[in-house]
Amino acid sequence: MTLDRRALLAGAAAVLTGERARAQDNPGDAAARAIPQNPAQPPVIETVRPLPKSAPGAELEVIDLWPGLPPGGGGPFRGDYRFDETLSGVITAVTRPCLMVIRPQRSNGGAFIVAAGGGYRRIDISGEGLPVGAWLAKAGFTVFLLIYRLPGEKWRDGPDAPRQDAQRAVRLVRANAAQYGVDPERIGVLGFSAGGHLMGETAVDSEVDLYDDVDAADQQSAHVALAGLIYPIITLKAPFDRTISSRAVLVGDNPSDAQRRAYSVDAQVTRRSPPTFLAQASDDPVGTVDHPLLMYNALRAAGVAVEMHLFERGGHGFGLGVPGAPTAAWAGLFLSWIRARGFMRNV
């Protein structure tokens, strides 16, 4: 059974639908609206109404990433629905990318934007989003779970659509840092599998603007203080491109060398890339251990601080890890690493 998550404000849905119709009738008007008209447009913040047999995360605050239509156009538009979600917490049909907010009881001033994986075909917030968010919130962080557009859902910007959402998320969190009690210089990213690829791209490619400004929030930097990439997809270059789902969605079945390089995170690393934490199981059959190794080498060559942990067993998609399993150690190691970097002040 699949549940549709509805927006609360019917008026907002009507505006969205009306703008889409006007954009189709008059592309010139749509282009004009892409230019910022107001000095600032605060994010739309709503609480998701509990649904029958409430879907995971239904009680959380939601911040829409874009004040209107996402850039580029296209997508699986569904009127007043943000996205579809199963009772097991698997998200598809993302029409309105957003952030789901988990607030700590006692904030340490830091924030994380978290991206769950799913091969860029779905987003598994139940396995790699909500549990991780609750764990980080317990440590004092304000957590923003990123619900990003999926490239295969007919977005005209294709593989750049989720990257636009992630870059916008960093800027929006920074622009509204005071509202959430967040230090704008202590915003980190954490991603898993395909979400690790997305957060990796966001971290290393923050100085490249991926869309035209829509409001004052886009004047903010998209730079992040640090990145955690857990069993991430790093490269699309042969012979390490056995992550068939992510590769096919991002660059197709027969990509050129230029396409492979453009979406390989390690190829974008520079000396300005943020300190990075890597964790992986050596027996991972999906994103093989070559992925974090390539990232480690690229960061080391650029002189960027990096810490990597490889576990003998654990496979792919272990999330926080089963208590007592070797892979469960990564969470404590990650907190120790960010504490040593001064990212956990006031605790």
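It should be noted that the structure appears before, not after, this text.
Residues numbered from 1 in each chain as written. Predicted model: local features only at pLDDT ≥ 70, side-chain atom pairs only at ≥ 80, totals over all residues. Heavy atoms only, no water.

### Re the overall build of the protein
Within the protein, the regular secondary structure consists of eleven helices and 13 strands. Burial analysis of the protein (347 residues in total) assigns 55% to the buried set. Restricting to contacts in the protein with at least 6 residues of sequence separation, those with at least 24 account for 78%. About 14100 Å² of surface is accessible on the protein, with carbon and sulfur atoms providing 52% of the total. (Helix = DSSP H or I, 4+ residues; strand = E, 2+ residues; numbered from the N terminus. Buried < 20%, exposed > 50% of the residue type's maximum accessible area, 1.4 Å probe, protein only. Contact = heavy atoms within 4.5 Å. Areas by Shrake-Rupley, 256 points an atom, 1.4 Å probe, with all protein chains shown as cover.)

### Some words on the side chain of Q164
Within the secondary structure, Q164 is located in helix α5 (residues 160-175). Engagement of the side chain of Q164 in a polar contact is seen with the backbone oxygen of L210, the distance being 3.1 Å. If sequence neighbours within four positions are ignored, Q164 has contacts with W66, P71, R149, D157, L210 and Y211. (Polar contact = N/O pair within 3.5 Å; in protein donor to acceptor, adjacent residues only side chain to side chain.)

### A closer look at the packing of aromatic side chains
In this structure the tally under the stated criterion is 16 aromatic pairs. Note on Y120 and Y148: the rings are 6.3 Å apart at their centroids and 75° apart in plane angle, and the pair reads as edge-to-face. You can see Y120 sitting in the loop between β7 (111-115) and β8 (123-124) and its partner Y148 sitting in the loop between β9 (142-147) and α5, a full 28 residues away along the chain. You can call Y120 buried: its relative accessible area is 1%. Members of the aromatic cluster, each reached through a chain of ring pairs, are F112, W135, F141, F192, Y231, F277, F318, W330, F334, W337 and F343. Here R149 stacks its cationic end above the ring of W155, 5.0 Å away from the centre of that ring. (Phe/Tyr/Trp six-rings, centres within 6.5 Å; stacked < 30°, edge-to-face > 60°. Lys NZ or Arg CZ within 6 Å of the ring centre and 35° of its normal.)

### Quick notes on α5
A rise of 1.5 Å per residue sets the reference length of α5, with its 16 residues, at 22 Å; its end C-alpha atoms lie 22 Å apart and thus fit the reference within 8%. Counting buried residues in α5 gives 14 out of 16 residues, a clear majority hidden from the surface. (Expected span 1.5 Å × (residues − 1).)

### Observations regarding the pattern of salt bridges
Applying the stated criterion across every chain yields a total of 14 salt bridges. Residue R103 pairs with E61 through a salt bridge whose shortest N-O separation is 2.7 Å. A residue pair is termed long-range when its members are at least 10 positions apart, and R103 in the loop between β6 (98-102) and β7 and E61 in strand β3 (residues 61-64) qualify at 42 residues. Residue classification places R103 among the partly exposed residues on the basis of a relative accessible area of 40%. (Salt bridge = Lys/Arg side-chain N within 4 Å of Asp/Glu carboxyl O.)

### So, the pairing of strand β12 (residues 276-281)
For β12, the buried fraction is high: six of the six residues fall into the buried class. Burial along β12 is two-sided: the residues T276, L278 and Q280 and F277, A279 and A281 are all buried. Of the strand pairs in this sheet, strand β11 (residues 226-230) and β12 are connected by four bridges, and their pairing is parallel. Looking at the pairing, L229 lines up with L278 of β12. In this view, the connection linking β12 to its parallel neighbour strand β13 (residues 306-311) by way of helix α10 (residues 290-302) has right-handed handedness. (Pairing = 2+ DSSP bridges. Right-handed = clockwise from strand over helix to strand, strands pointing away.)

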